[in-house]
Amino acid sequence: MAPAKFEYAQAEEIRDAFARHGVRYLFLGKSGAILLGFPDTTQDADLFVEKSPANGEAVEHALVELGFGLTESEVGDLRRGKDFVQLKNGPFDLDLIFAPDGIDTFAAAWTRHVDVDGFPVCHPDDIIQSKRAANRAKDRESLPRLIAFRDYWKTRR
Amino acid sequence: MARRMLCWLEMEPDEAQRKQWEAEFEAAAKRPLRQRFRYAFIRTYKPVLDDAPYRSFDTTAAYRAWCDVNLPSWLGYGTGQV
């Protein structure tokens, strides 16, 4: 059975728990674009997380607080810094991406990021670049509209 | 990376399409974030992908390759490179 859909209140819980634990992260992918105002649909939240042992430990503490049941081995993955971690063992699905396609460093993405009601979000240029680089069928399909949104979004800034 | 970029083909929308999208963007901009969120996140069962509570990959490329090999193509996660 599919878990419940991701809700705004859960995004707030992520934001608040990650802030309490000092996690360095950005919303990425379509969930990030939606926060910026992109009218589209998606199934889960993608977070670009800075890759460092200290940040991995902070993520671990925040996820446990949010109700994710992490095993010792999974905690090790977060601390050692796997590039991609997919969590479906908590109150909602979450993809943690430590090395997204098309974005060189977290620090560079952070300098460009956008704050939306306290949610740290990747700049739309970075979201587009990561989707271009990933080159999945579903990205190829959605990119023209996302690019048009980026152009529209820039005129409103 | 270069191999992936070579496959990229970006379709330019025509003027009518662009205008329709802009109307959608304008309408969305008038809605509060909480309301946009409510209708943006959906939930459907994704075979294979949803069948394990946890996965991790040493590299993002390894994750992409896993999607290419293991997921049904209609889910759209594949790059068509494998």
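Bear in mind the structure is a predicted one, so any value in this text is a computation, not a measurement. In this numbering scheme, every chain counts its residues from 1 along its sequence in written order. Whichever chain is written first becomes A and whichever ligand is written first becomes 1, with later ones labelled in order. In view of the model being predicted, local features appear only for residues whose pLDDT reaches at least 70, and side-chain atom pairs are presented and counted only at 80 or more, with totals across whole chains, interfaces and linings using the full set of residues. To get the side-chain values, all heavy atoms of the structure are used, and hydrogens and water are removed first.

Trainee: Which residues make up the overall build of chain A, and what values do they have?
Mentor: Working definition: helices are DSSP H or I runs of at least four residues, strands are E runs of at least two. Numbering for both runs from the N terminus. When you go through chain A residue by residue, the secondary structure sums to seven helices and six strands. Along chain A, from the amino end to the carboxyl end, the secondary structure elements read α-β-α-β-α-α-β-β-α-β-β-α-α. Here the radius of gyration uses the C-alpha set of atoms, whereas the globule reference equals 2.2 Å times the residue count to the power 0.38. The globule rule puts the C-alpha radius of gyration for 157 residues at 15 Å, and the 15 Å found for chain A is close to it. When its C-alpha atoms are laid out on the principal axes, chain A stretches across 45 × 35 × 30 Å. For chain A, with 157 residues in total, the buried portion stands at 62%. Surface accessibility of chain A: about 5,900 Å² in total, with carbon and sulfur atoms responsible for 47%. The distance from the centre of the 21 positive side-chain charges to the centre of the 26 negative ones in chain A is 6 Å. For each residue, the accessible area found with a 1.4 Å probe, counting protein chains only, is set against the maximum for its type, and the residue is called buried under 20%, exposed over 50%, and partly exposed in between. What sets the accessible areas is the Shrake-Rupley method with a 1.4 Å probe; for residues, cover comes only from the shown protein chains. The sign given to each residue is positive for Lys and Arg and negative for Asp and Glu; His and the chain ends receive no count. In this description, the location of a charge corresponds to atom NZ of lysine, CZ of arginine, CG of aspartate or CD of glutamate.

Trainee: Would you mind going over the packing of helix 2 (residues 29–36) of chain A against helix 6 (residues 124–134) of chain A in detail, with residue names and values included?
Mentor: Residue and element names in this part refer to chain A. Contact geometry of helix 2 with helix 6 gives a least axis separation of 10 Å together with a crossing angle of 155°. With respect to helix 6, the element helix 2 is oriented roughly antiparallel. Remark: the crossing between helix 2 and helix 6 carries left-handed chirality. Within the contact between the two elements, helix 2 uses G29, K30, G32, A33 and L36 and helix 6 uses P124, I127 and K131. Just so you know the grouping, Ala, Val, Leu, Ile, Met, Phe, Trp, Tyr, Cys and Pro go in nonpolar, Asp, Glu, Lys and Arg go in charged, and all remaining residues, Gly too, go in polar. Here the contact of helix 2 with helix 6 is built from residues that sort into four nonpolar, two polar and two charged. Fitted lines through C-alpha atoms give the axes, limited to the stretch in contact for helices. The angle between two N-to-C directions lies from 0 to 180 degrees. Geometric relationships in this document are graded by angle, where less than 35 degrees denotes roughly parallel, more than 145 denotes roughly antiparallel, 65 to 115 denotes roughly perpendicular, and other angles denote oblique. With the far helix as reference, a near helix turned anticlockwise by less than a right angle produces a left-handed crossing, and one turned clockwise produces a right-handed crossing. Should any heavy atoms of two residues lie within 4.5 Å, those residues are considered in contact.

Trainee: Explain the confidence of the model for chain B residue by residue, including any values.
Mentor: Residue and element names in this part refer to chain B. The pLDDT value tells you how sure the predictor is about a given residue, anywhere from 0 up to 100. Per-residue confidence for chain B gives a mean pLDDT of 88; residues scoring 70 or more make up 85%. Taken element by element, the predicted model of chain B shows its lowest mean pLDDT in helix 1 (residues 2–6) (44) and its highest in strand 1 (residues 54–57) (97). Low pLDDT (under 50) marks residues 1–7, which in the prediction has 15 contacts with non-local residues, meaning those over four places away or in another chain. Among the scores for the predicted complex, ipTM is 0.92 and pTM is 0.92.

Trainee: With reference to specific residues and values, describe the nonpolar core.
Mentor: All names here are of chain A. Throughout, nonpolar core names a set of buried Ala, Val, Leu, Ile, Met, Phe, Trp, Tyr and Cys residues whose side chains join them through atoms within 4.5 Å. The biggest cluster of nonpolar side chains holds 69 residues, and the ones touching the most others in it are I14, L63, L94 and L96. A total of seven residues in this core trace back to one element, the largest contributor, which is helix 7 (residues 137–155). Those residues within four positions of L96 in sequence are excluded, and the remaining contacts are L47, V49, V59, L63, L78, D83, F84, V85 and L87.

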